[in-house]
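# Architecture and fold: a report
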Amino acid sequence: MANSIYQINKGINQSIEFKGLKAQYIWYLGGGLVILLIIFAILYFIGLPSLFCVGIVGAAGAALIIQIYGMSSKYGEHGLMKALARKQVPASIRCNSRKVFLKKLKK
């Protein structure tokens, strides 16, 4: 079996990129593939036919790869974290009392 050599592009002060995936999306894809491997093992040990297991895991793997590449191209290196942080910022702050704005003077 021949060894494969993969090019990992990383410039100065640049995030790592592998086959079009940027930064943390490489880890997301790796974690998803490990989970799919575990799902395959569980389905196989239950006693389902192996071709059925391969079909289920293959379809889920294709969906995972499409989803991860889509997020990588849509959000980029830091965009996903920014989008998640933006969802946690409230649209408005309500205050029903003036006590917050009144300052007590000490003598």
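Here the structure is a predicted model, which means the values were calculated and not measured. (Residues numbered from 1 in each chain as written. Predicted model: local features only at pLDDT ≥ 70, side-chain atom pairs only at ≥ 80, totals over all residues. Heavy atoms only, no water.)

## Topic: a nonpolar patch on the surface
Our working definition: Candidates for patches are residues over 30% relative accessible area with no salt bridge; among them, like charges are joined within 9 Å and nonpolar side chains (Val, Leu, Ile, Met, Phe, Trp, Tyr) within 5 Å. The protein chains shown are the only cover counted for residues, whose accessible areas, like all others here, come from Shrake-Rupley with a 1.4 Å probe. Take a side-chain nitrogen of Lys or Arg and a carboxyl oxygen of Asp or Glu: if they are within 4 Å of each other, that pair is a salt bridge. The numbering of helices and of strands both runs from the N terminus, where a helix is a DSSP run of H or I of at least 4 residues and a strand a run of E of at least 2.
A cluster of nonpolar side chains, namely Val-34, Ile-38, Ile-42 and Ile-46, defines an oily patch on the protein surface of about 390 Å² accessible area. Tracing the sequence through the fold places Ile-38 in helix α1 (residues 25–46).

## Describing the packing of α1 against helix α2 (residues 50–75)
The line we're drawing: Between N-to-C directions, angles cover 0 to 180 degrees, with each direction set by a line fitted to C-alpha atoms, over the stretch in contact for helices. Here the angle decides the label: under 35 degrees means roughly parallel, over 145 means roughly antiparallel, 65 to 115 means roughly perpendicular, and every other value means oblique. By definition, any crossing whose near helix is turned counterclockwise from its far helix by less than a right angle is left-handed, and any crossing with a clockwise turn is right-handed. Under this grouping Gly is polar, as are all residues other than the nonpolar Ala, Val, Leu, Ile, Met, Phe, Trp, Tyr, Cys and Pro and the charged Asp, Glu, Lys and Arg.
Running from N to C, α1 and α2 point in directions that differ by 165°, and their axes come no closer than 10 Å. Classed by the angle they form, the pair α1 and α2 counts as roughly antiparallel. Of the two possible hands of crossing, α1 and α2 adopt the one that is right-handed. Tallied by class, residues from the contact of α1 with α2 come to 19 nonpolar, 4 polar and no charged.

## Concerning the nonpolar core
Heads up, the condition is: Residues grouped as a nonpolar core are buried Ala, Val, Leu, Ile, Met, Phe, Trp, Tyr and Cys residues, joined through side-chain atoms within 4.5 Å. Three exposure classes are used, based on accessible area relative to the maximum for each residue type with a 1.4 Å probe and protein chains only: buried under 20%, partly exposed in between, and exposed over 50%. Contacts are assigned to residue pairs with any non-hydrogen atoms lying within 4.5 Å of each other.
Leu-21, Tyr-25, Leu-29, Leu-36, Val-57, Leu-64, Ile-68, Met-71 and Leu-80 form the largest nonpolar core, which has 9 residues in total. Residue assignment for this core shows that the elements contributing at least two residues are α1 and α2. Among the elements that take part in this core, α2 stands out by supplying 4 residues, more than any other. In this structure, Leu-21 is in contact with Ile-16, Ile-26, Leu-29, Ile-68, Tyr-69 and Ser-72, ignoring residues within four places of it in sequence.

## Side note on the side chain of Ser-72
Its place among the elements puts Ser-72 in helix α2. Residue Ser-72 is classed as buried on the basis of its relative accessible area of 1%. Leave out the neighbours within four places in its chain, and Ser-72 touches Gly-20, Leu-21, Lys-22 and Tyr-25.

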